[in-house]
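Tertiary structure, described
The residues making up each chain are set out below.
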Amino acid sequence: MADVILVTGGTGLVGKAIQEVVESGEKREGEQWHFLSSKECDLSSLEETRELFQRIKPTKVIHLAAMVGGLFHNMANNLAFFRVNMAINDNVLLCAHENGVDKVVSCLSTCIFPDKTTYPIDETMVHDGPPHDSNFGYSYAKRMIDTLNRGYSNEHGRKYTSVIPCNVFGPHDNYNLQAGHVIPALIHKCFVAKRDGTPLQVFGSGKPLRQFIYSHDLARLFVWTLRNYEETAPLILSVDEEHEVSIADAVDAVVEAFGFEGEVNYDTSKADGQYKKTASNDKLRRLHSSFEFTPFKEAVKRSVDWFVENYETARK
Ligand code: NDP
């Protein structure tokens with residue numbers, strides 16, 4: 001029987017990228033892919049989630065749906081981030097199990113790792129210590145996915161696993177100036193600064209270091225994981241350590257992509273968040289050594305071009 005693959009969070013940044021990658025060649029003969037929106041099913045409701053699984057009858061699930069946001073949105077809403085994400089994750093994995101789904105790949109994030117740790121971070125360190133205070137609600141809810149996966153694997157023999165992407169950016173991102181992540185928020189700000197002839201205001205010092213993955217690269221890796229990765233333990237999906245960049249480097253890439261010639265100011269009264277959270281992709285490299293990432297500047301340019309072309313309809 002051909003697979004029916006349900007992608008929760010199918011309308012988001014990562015979900016749209018998976019859809020584009022699937023439609024441009026990754027789809028196999030007979031496979032049916034279903035990209036889910038919250039409009040079709042609110043996954044924080046067990047009743048709606050059960051109804052969805054009985055209707056769609058997936059055989060495999062990529063679980064992306066989550067309440068997500070940038071540093072400032074997280075800081076103000078930790079309780080909601082915890083409760084909503086716990087409910088979504090519990091409902092999705094329970095319904096997958098109840099309906100005999102044999103493989104689920106869920107999504108954690110590198111920002112859920114212990115705040116005080118050694119670098120580079122690897123997959124064995126997810127539960128080693130408290131996460132950063134700024135996003136404890138989101139982080140603990142994400143960590144519990146790994147706990148659920150272990151339970152379903154140990155007690156029911158399910159192949160429920162998770163991946164840990166670093167910071168993602170690309171077309172269809174949330175470009176909101178308050179709730180957006182750093183790159184989409186910068187792209188939107190730079191668009192406005194260029195249009196209005198005003199300075200580009202960057203929050204924080206620009207010094208923190210981050211690994212950024214282009215959404216289409218992550219999408220290809222998600223499909224590879226679904227088809228090839230057999231462990232319950234998480235797998236980090238990140239660019240190599242030497243491709244970590246500072247926020248100031250990201251600002252420069254955005255400024256260059258726009259050809260912005262105005263003033264750039266760093267507002268150091270705003271929080272920087274974690275200084276770094278360098279993750280090791282050694283495990284991925286051992287399993288899938290041939291994977292090639294899109295160069296950072298090229299990926300930023302593609303994202304900027306997408307935002308400019310889709311300004312009217314982009315999420316902002
Ligand atoms: P987006 O905010 O772009 O998309 C979120 C998705 O979740 C949307 O499709 C949304 O549906 C769906 N969703 C939210 N709430 C519900 C709900 N109650 N019921 C059903 N669906 C819901 O997120 P991303 O694509 O950026 O993130 C995807 C995954 O990747 C998440 O698990 C996130 O934690 C993780 N991740 C993201 C990173 C990043 O940098 N963006 C970094 C690391 C991990 P709709 O739009 O229809 O409302």
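These lines cover the structure that appears in this document, whether it is placed above or below. Keep in mind the model is a prediction, meaning the values are calculated, not measured. (Residues numbered from 1 in each chain as written. Predicted model: local features only at pLDDT ≥ 70, side-chain atom pairs only at ≥ 80, totals over all residues. Heavy atoms only, no water.)

**Regarding the site of the ligand**
- Contacts to the ligand come from 27 residues, most closely from Thr 11, Ser 38, Leu 64, Tyr 138 and Arg 315.
- Thr 11 is positioned such that a nitrogen or oxygen atom in its side chain is 2.7 Å from an oxygen atom of the ligand.
- The backbone of Ala 66 places a nitrogen or oxygen atom 3.5 Å from an oxygen atom of the ligand.
- Secondary-structure elements contributing two or more residues to the shell around the ligand are helix H1 (13–26), helix H5 (136–156) and strand S6 (167–169).
- Of the residues that constitute the shell around the ligand, the class distribution is 15 nonpolar, nine polar and three charged. (Near = heavy atom within 4 Å. Polar contact = N/O pair within 3.5 Å; in protein donor to acceptor, adjacent residues only side chain to side chain. Helix = DSSP H or I, 4+ residues; strand = E, 2+ residues; numbered from the N terminus. Nonpolar A, V, L, I, M, F, W, Y, C, P; charged D, E, K, R; others polar.)

**What to know about the packing of aromatic side chains**
- With the rule as written, the count across this model stands at 14 aromatic pairs.
- Through successive ring pairs, a cluster of aromatic residues spans Tyr 175, Phe 191, Phe 258, Trp 306, Phe 307 and Tyr 311.
- It is Lys 189 that lies over the ring of Phe 203; its NZ or CZ is 3.7 Å from the centre. (Phe/Tyr/Trp six-rings, centres within 6.5 Å; stacked < 30°, edge-to-face > 60°. Lys NZ or Arg CZ within 6 Å of the ring centre and 35° of its normal.)

**So, the packing of helix H2 (residues 46–56) against helix H4 (residues 78–98)**
- At a minimum axis separation of 9 Å, H2 and H4 run at an interaxial angle of 35°. Taken as a pair, H2 and H4 cross one another with a handedness that is right-handed. For the pair formed by H2 and H4, the contact residues are Leu 46, Thr 49, Arg 50 and Phe 53 on the first element and Asn 91, Val 92, Leu 94, Cys 95, Ala 96 and Glu 98 on the second.
- Residues belonging to the contact of H2 with H4 are distributed by class as follows: six nonpolar, two polar and two charged. (Axes fitted to C-alpha atoms, helices over the stretch in contact; angles between N-to-C directions. Left-handed = near helix turned anticlockwise from the far one by under 90°. Contact = heavy atoms within 4.5 Å.)

**Here we look at unusual backbone geometry**
- With an omega of 0°, the peptide bond running from Tyr 119 to Pro 120 counts as cis.
- Relative to the elements of secondary structure, Pro 120 occurs in the loop between strand S4 (103–107) and H5.
- Unlike most non-glycine residues, Lys 57 shows phi in positive territory, near 50°.
- On the secondary structure map, Lys 57 appears in the loop between H2 and strand S3 (60–63).
- Residue Lys 57 is classed as exposed on the basis of its relative accessible area, which comes to 58%.
- Here His 172, not a glycine, exhibits a phi torsion of approximately 70°, which is positive.
- Positionally, His 172 belongs in the loop between S6 and helix H6 (182–196).
- Residue His 172 is classed as partly exposed on the basis of its relative accessible area, which comes to 21%. (Buried < 20%, exposed > 50% of the residue type's maximum accessible area, 1.4 Å probe, protein only.)

**Let's talk about the pairing of strand S1 (residues 4–8)**
- Of all five residues making up S1, five are buried, and the element is well covered by its neighbours.
- Burial along S1 is two-sided: Val 4, Leu 6 and Thr 8 and Ile 5 and Val 7, pointing in opposite directions, are all buried.
- Strand direction decides the pairing type here: S1 and strand S2 (residues 32–35), joined by four bridges, are parallel. Bridge assignment links Ile 5 to a residue of S2, and that residue is Trp 33. (Pairing = 2+ DSSP bridges.)

**Looking at the environment of Phe 81**
- Take Phe 81: it is sitting in helix H4.
- Spatially, the C-alpha atoms of Phe 81 and Phe 136 are 8.7 Å apart, while their sequence positions differ by 55 residues.
- Once residues lying within four places of it in the same chain are set aside, the contact partners of Phe 81 are Met 67, Val 68, Gly 69, His 73, Asn 74, Gly 137, Tyr 138 and Ala 141.

**Points about the side chain of His 216**
- Along the chain, the position of His 216 falls in helix H7 (residues 215–228).
- Within the structure, His 216 has its side chain in polar contact with the side chain of Glu 20 (distance 3.0 Å).
- Those residues in contact with His 216 that sit more than four places away from it in its chain are Ala 17, Glu 20, Val 21 and Pro 171.

Purely geometric stuff here, so don't read any function into it on its own.
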